[in-house]
Amino acid sequence: MAGETSAIRGMFFDFVDDPWKHVGREQESARFLFDGLMVVEDGLIADFGDYAEVSKRHPGVQATHITNRLILPGFIDGHVHFPQVRVLGAYGNQLLDWLQNWIFPEEEKYSDRNYALDAAGRFFDALLAGGTTTCQAFTTSNPVSTEELFGEAARRNLRLIAGLTGIDRFAPETTVISPEYFYSESKRLIEQYHRKGRNLYAITPRFAVGCTDEMMEACRRLKEEHPDCWINTHISENPSELRTSRNEFPDCQDYTQVHEKHKLLGPKFTAGHGIWLSDDELQRFSKAGAAIAFCPLSNLFLGSGLFRIGRATDPEHPVRVALGCDVGGGNAFSLIRVLEEAYKIGMCNNTMLDGSVDPRFQNGAEAERNKLNPYRGFYLATLGGARALYLDDLIGNFDKGKEADFVALDWNAGQAAMSWHQSLITGGNAPETMDQASQLLFGIMACGDDRNVDETWIAGRRAYKKAGA
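Residues numbered from 1 in each chain as written. Predicted model: local features only at pLDDT ≥ 70, side-chain atom pairs only at ≥ 80, totals over all residues. Heavy atoms only, no water.

**A few points about unusual backbone geometry**
- The amide bond that connects V327 to the next residue, G328, takes the cis arrangement and shows omega of 5 degrees.
- Take G328: it is sitting in the loop between strand 13 (320-323) and helix 12 (335-353).
- Positive phi, close to 60 degrees, is recorded for R195, a residue that is not glycine.
- Along the chain, the position of R195 falls in the loop between helix 5 (179-193) and strand 9 (199-205). (Helix = DSSP H or I, 4+ residues; strand = E, 2+ residues; numbered from the N terminus.)

**Remarks on helix 2 (residues 95-108)**
- The end-to-end C-alpha separation of helix 2 is 18 Å, in line with the 20 Å expected for 14 residues at 1.5 Å each.
- Of all bends in helix 2, the biggest is about 35 degrees, found at W102, and the proline P105 comes one to four residues later.
- Every buried residue of helix 2 is accounted for by L95, W98, L99, I103, F104, E106 and E107.
- Among the structural elements, helix 3 (113-129) and helix 7 (239-248) are those in contact with the buried residues of helix 2. (Expected span 1.5 Å × (residues − 1). Bend = angle between axes of the 7 residues up to and from the residue. Buried < 20%, exposed > 50% of the residue type's maximum accessible area, 1.4 Å probe, protein only. Contact = heavy atoms within 4.5 Å.)

**Regarding helix 16 (residues 418-426)**
- Along helix 16, the residues that are buried comprise M418, Q422, I425 and T426. Seen end-on, helix 16 carries its buried residues on one side only, within an arc spanning 75 degrees. Exposed side chains of helix 16 directed beyond 90 degrees from the buried face belong to W420 and L424.
- Packing partners of the buried residues in helix 16 comprise helix 17 (434-447).
- The first or second residue beyond helix 16 is G427, which carries a positive phi of 65 degrees. (Arc of directions from axis to C-beta.)

**Some points on the state of the cysteines**
- A full pass over the atoms with the stated rule returns 0 disulfides.
- You can see C229 has no disulfide; the closest cysteine sulfur is in C219, sitting 11 Å from it.
- The exposure class of C229 is buried, given its relative accessible area of 1%.
- Among the cysteines around C252, which has no disulfide bond, C211 carries the closest sulfur, lying 13 Å off. (Disulfide = S-S within 2.5 Å.)

**Details of the pattern of salt bridges**
- The tally for this structure, following the rule as stated, stands at 48 salt bridges.
- Between R31 and D399 there is a salt bridge whose closest N-O contact spans 3.0 Å. Here the residue R31 occupies a position in strand 2 (residues 30-41), and D399 occupies one in the loop between helix 15 (383-388) and strand 14 (406-409), the gap between them amounting to 368 residues.
- Members of the salt-bridge network, linked through shared partners, are R69, D410, D454, E455, R462 and K465. (Salt bridge = Lys/Arg side-chain N within 4 Å of Asp/Glu carboxyl O.)

**Looking at the side chain of D17**
- Relative to the assigned elements, D17 resides in the loop between strand 1 (5-15) and strand 2.
- At a separation of 2.9 Å, a polar atom in the side chain of D17 contacts the side chain of H22. (Polar contact = N/O pair within 3.5 Å; in protein donor to acceptor, adjacent residues only side chain to side chain.)

**Section: the nonpolar core**
- Counting 114 residues, the largest nonpolar core has F13, F123, F285 and L409 as its most contacted members.
- Setting aside its immediate chain neighbours within four residues, F285 contacts I235, T256, L265, F269, A271, L277, A290, A291, I292 and V319.
- If you look at the next biggest cluster of nonpolar residues, it comprises 14 residues, including M38, V40, I66 and F398. (Core = buried A, V, L, I, M, F, W, Y, C linked by side-chain atoms within 4.5 Å.)

**Digging into the packing of aromatic side chains**
- Inspection of every chain in the model, using the stated rule, returns 19 aromatic pairs.
- With a centroid separation of 5.5 Å and an interplanar angle of 70 degrees, the aromatic rings of F82 and F123 are classed as edge-to-face. A residue pair is termed long-range when its members are at least 10 positions apart, and F82 in the loop between strand 5 (75-81) and helix 2 and F123 in helix 3 qualify at 41 residues.
- Residue classification places F82 among the buried positions, given a relative accessible area of 0%. (Phe/Tyr/Trp six-rings, centres within 6.5 Å; stacked < 30°, edge-to-face > 60°.)

**Details of the sheet that holds strand 14**
- The strand order across the open sheet formed by 7 strands is 3-2-1-4-14-15-16, and the pairing between neighbours is mixed. Strands at the two margins of the open sheet, each flanked by one partner only, are strand 3 (44-50) and strand 16 (461-465). The mean inter-strand angle of the sheet, taken between neighbouring strand axes irrespective of direction, is 35 degrees.
- Pairing of strand 1 with strand 2, which is carried by 10 bridges, proceeds in the antiparallel orientation. Each residue of the ladder has a partner; that of A7, found in strand 2, is V39.
- The strands touched by helix 3 are strand 15 (453-458) and strand 16; relative to strand 15, the strand with the most contacts, the crossing angle is about 115 degrees. (Pairing = 2+ DSSP bridges. Axes fitted to C-alpha atoms, helices over the stretch in contact; angles between N-to-C directions.)

So, in structure tokens, the structure goes:
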């Protein structure tokens, strides 16, 4: 409603900078308010700061007091597949077998509008229960799925980036579409949904191996005609995929050049995975301002490999990085679970570079950058994800003028041993310092899941409350 004003009081934790820029003193990148107040007007943050100060500027505002919770910006999922909700956790060997046996058959069902509508509700229910308030999602090659996803996002007022999927080879006949159809339907959908409410459109070549030069050229034309749109795809997820890309694009020196050739690599370009990108390719991503979605759940579940987060955060060539649950290759919607697996991947990469395996490959600085402490982890889930998706002017932290999307985390929830573990940090009390709050967040990151999400708020309104809480 126009002119609506509300306020939320509680403990707030967010980020004002990239913690990888503050190695050894990551707390300088964060902001913690033991007793804070956020004033919301028409879904935007109108004022934010210590309760004692902000409340004086808004003497009549009614505040909802969220107690014994850490309030963080809503989580941002940079890579998730809407039509794979039902097949998360399906056994399928590695990537290509899994696609053929499970994914393509399920995605065919999304030509049925009723099926897609029901799935869209389940999709957003699962995201909100995990604390996710913004996502970049794949749909299918049938426009019905894109229409229903945008429609449900609009009804819930969630911020969504999505688009019709382009694929014209290496898929069942019922899944592939022609470049001409992809181009014309994408034009229609852009006109209908892009920047309508909180919806944003992504030109979506599913992955270059599944696209002929003609399909990639259709994507180039769309981006040229609609430069404000995003681009969402996959890259270098699996070694077999890399070999196929070399065969199908013999004129390109590597997978990244396929996208450079068609003038797609640049700002607002996100590629999922990037596990097998070379150092040179990562540097070209950095120079172009392109982003990678780090999807540890699916990378481990499908045995694809270990993303080199320490290399991607090289201060000389930093790459924008978002997190992605990558359902259904990822086996959970929870970005808390994603952070747990990201931490483990980082630690494995650290061991390979710290000199203990082979001193010839020792790189102490990169080894250290692989370690996901709570500052680095939750930065990727919030402000880092917003920066990767070029949304940090709208979301990602609690700066004034940004959209009031946030999540309230219960640091004691989850497995039975959780609260006893967390009491080591605060003696069972609420955190009083940033250091204590960050240690509780690491406990959530290492041992938690969606059970730690107590409430999720969209544009200053509560959209989810954990059952029984």
